[in-house]
Amino acid sequence: MQNTLITVQDLSCVGRCSLSVALPVLSCLDIQCIPMPSALLSAHTGFTSPFRKPLTGEMNSIFSHFKEVLPKVDGLYIGYLAEYEQLSLMDEMLSHYDSALIFIDPVMGDNGKRYSSISERLCDGIAKLCHKADFIFPNLTEAALLLDIPYDNLPDSDTLLNMLSDKFSSSVVLTGLTDSSGNIGAHALHDGNTYSAYTKMVPGKFPGTGDLFASVCVAGILQGIDIQSVLQLATGFIYSSAKDFSGDSRYGLPFEKKLNKLSNDFLALKNKENN
Ligand code: PXL
């Protein structure tokens, strides 16, 4: 049976991130993906002065109707939230869909800094929400914010994974890590086991990479693929999308041509899991 998932994130029209990447990736990995837009932006906030409208009132109306037309979902994937007032609705949704697997990507910042559009109050609220997650997907900046420790003095990744997992009683996928050879990848802690996957680093900062990564992981985990394979699938997909990139990195990774291979690789993993 096909899995159904609600994802709560912004719709940023220009610059591949959030719903613009979650919808195609989750769909191509056989999830019925139901979007709940948390904000409408002309472009993500890496561009100068985007139009930005939080959709808090609209989200409440959408959820009222979801309660009629969508009695059950298999997963809830919460990403970028636009304002503090959206948190009480997230609590309500988590209580309502109490059998769903809960994935939270605590989108709060990058490169050691909080995003300017994410207030300190919203950050604290997102951290509180993470206590209700089954899986969280922080990058190093978000790990520092979640643990309230300085970004410049972070412990090693295994210690960080344990601190996050202990604090939030959840599985953790820590993204944007580099190893001693300059490769980039992710570590995970799930059911007491650790996992990691790395690929060659492609120089440049590509907004939306964390959203692409989390979307592949969410699809894989929800469908019972083992965590090691999920991390390898996600890092491989990102690398293949990034390796031939040229141009303005604010527009994000050109992942579109790689969806076909992603889908085929995923099917092979699913078949292996079922045999
Ligand atoms: O990819 C994270 C993200 C999501 N949504 C918006 C953003 C960003 C990062 O800058 O600006 C609107």
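Residues numbered from 1 in each chain as written. Predicted model: local features only at pLDDT ≥ 70, side-chain atom pairs only at ≥ 80, totals over all residues. Heavy atoms only, no water.

(A) Focus on the pattern of salt bridges. Going through the model one piece at a time under the given rule, you end up with eleven salt bridges. In this structure, the salt-bridge partner of K243 is D244, at a minimum N-O distance of 3.5 Å. Residue classification places K243 among the partly exposed positions, given a relative accessible area of 41%. Assessed through its relative accessible area of 57%, D244 is described here as exposed. (Salt bridge = Lys/Arg side-chain N within 4 Å of Asp/Glu carboxyl O. Buried < 20%, exposed > 50% of the residue type's maximum accessible area, 1.4 Å probe, protein only.)

(B) A look at the nonpolar core. I6, V8, M36, L81, M90, M93 and Y97 are the most contacted members of the largest nonpolar core, which has 47 residues in total. The dominant element in this core, judged by the number of residues it contributes, is helix α4 (residues 120–130), at six residues. Residues in contact with V8, not counting those within four places in the same chain, are M36, S38, M59, Y77, I78, G79, Y80, L81, M90 and M93. One finds I31, I221, I238 and F255 within the second-largest nonpolar core, a separate group that totals 42 residues. (Core = buried A, V, L, I, M, F, W, Y, C linked by side-chain atoms within 4.5 Å. Helix = DSSP H or I, 4+ residues; strand = E, 2+ residues; numbered from the N terminus. Contact = heavy atoms within 4.5 Å.)

(C) Here's a closer look at the sheet that holds strand β9 (residues 171–178). Strand order in the open sheet made by the nine strands is β3-β2-β1-β4-β5-β8-β9-β10-β11, with mixed pairing throughout. Looking at which strands have only one partner, the edges of the open sheet turn out to be β3 (52–54) and β11 (193–199). Summarising the sheet, strand β5 (residues 101–104) and strand β8 (residues 135–136) pair through two bridges and their orientation is parallel. Bridged to F103 within β8 is F135. Along the sheet, helix α5 (residues 140–147) contacts β8 and β9; its crossing angle with β9, the most-contacted strand, is approximately 130°. Lying on the sheet, helix α6 (residues 157–168) is in contact with β8, β9, β10 (184–190) and β11; it crosses β9 at an angle near 150°. (Pairing = 2+ DSSP bridges. Axes fitted to C-alpha atoms, helices over the stretch in contact; angles between N-to-C directions.)

(D) Structural view of unusual backbone geometry. Even without being a glycine, N111 presents a positive backbone phi close to 50°. Relative to the helices and strands, N111 is located in the loop between β6 (109–110) and β7 (113–114). Of note, D148 is a non-glycine position whose phi angle comes to about 55°, a positive value. Relative to the assigned elements, D148 resides in the loop between α5 and α6.

(E) Structural view of the packing of helix α1 (residues 19–28) against helix α9 (residues 259–274). Remark: α1 packs on α9, axes separated minimally by 9 Å, with the N-to-C direction vectors making an angle of 40°. Considering the angle they form, α1 stands oblique to α9. The segment α1 lies against α9, with P24, V25 and C28 engaging L259, L262 and S263. Across the contact of α1 with α9, the residue classes break down as five nonpolar, one polar and no charged. (Parallel < 35°, antiparallel > 145°, perpendicular 65-115°, else oblique. Nonpolar A, V, L, I, M, F, W, Y, C, P; charged D, E, K, R; others polar.)

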